[in-house]
Amino acid sequence: MAKRTIANPETTREVRGRDLFRERGSEIVRVGPHCWVVPSRTKPGVECGVDLVLGFCTCPVSVYNHKVCSHVFAAEIASAKRTCRS
Ligand SMILES: [Zn+2]
């Protein structure tokens, strides 16, 4: 039986999203009802566009692998913490 020593990739991304929000939360900006701009942790100066309805991000992880990346998780946390002011 294979050992499960490698963390689940989805869980890892969720943890990274949480770390990203903790470190760069102030730089995560809402640009539309469900759209956010999230800074990249690994590439300084690079920003990713996130659509929470589609679960889409403009970074290569999301575009080429069709996976939910850490930016989407970070934007979800930001969205949950910042309640709508309307
Ligand atoms: Zn991304």
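Our subject is the structure listed above.
Position labels on residues start from 1 in each chain and follow its written sequence. Confidence filtering applies because this is a predicted model: local features only for residues at pLDDT of at least 70, side-chain atom pairs given and counted only at 80 or more, and all residues used for totals across whole chains, interfaces and linings.

### Concerning the nonpolar core
A set of buried Ala, Val, Leu, Ile, Met, Phe, Trp, Tyr and Cys residues, joined through C-beta atoms within 7 Å, is what we mean by a nonpolar core. Put plainly, a residue is buried at 20 or more neighbouring C-beta atoms within 10 Å of its own, exposed at 12 or fewer, and partly exposed in between, counting only other residues' C-beta atoms, which are placed from the backbone. Judged by nonpolar contacts, the single largest core of 15 residues is most densely connected at Ile28, Val38, Val50, Ala74 and Ala75. Secondary structure elements follow DSSP: runs of H or I no shorter than four residues count as helices, runs of E no shorter than two count as strands, and numbering proceeds from the N terminus. Every element with two or more residues in this core is listed here: α1 (9-24), β2 (35-39), β3 (47-51) and α3 (70-81). Of all the elements, α3 adds the most residues to this core, at 5 residues. Not counting the four nearest positions on each side in its chain, valine 50 is found in contact with Cys35, Trp36, Val38, Cys57, His71, Val72 and Ala75. Contact definition: two residues whose C-beta atoms, as placed from backbone geometry, lie within 7 Å.

### So, the pairing of β2
In this structure, strand β1 (residues 29-30) lies alongside β2, joined through 2 bridges in antiparallel fashion. Its bridge partner lying in β2, valine 29 is registered against valine 37. By the convention used here, strands pair only if DSSP detects at least 2 bridges between them. Counting the residues that bridge the hairpin from β1 to β2 gives 4 residues. In the sheet, β2 pairs with β3 via 5 bridges, with the strands oriented antiparallel. What sits directly across from valine 38, in β3, is cysteine 48.

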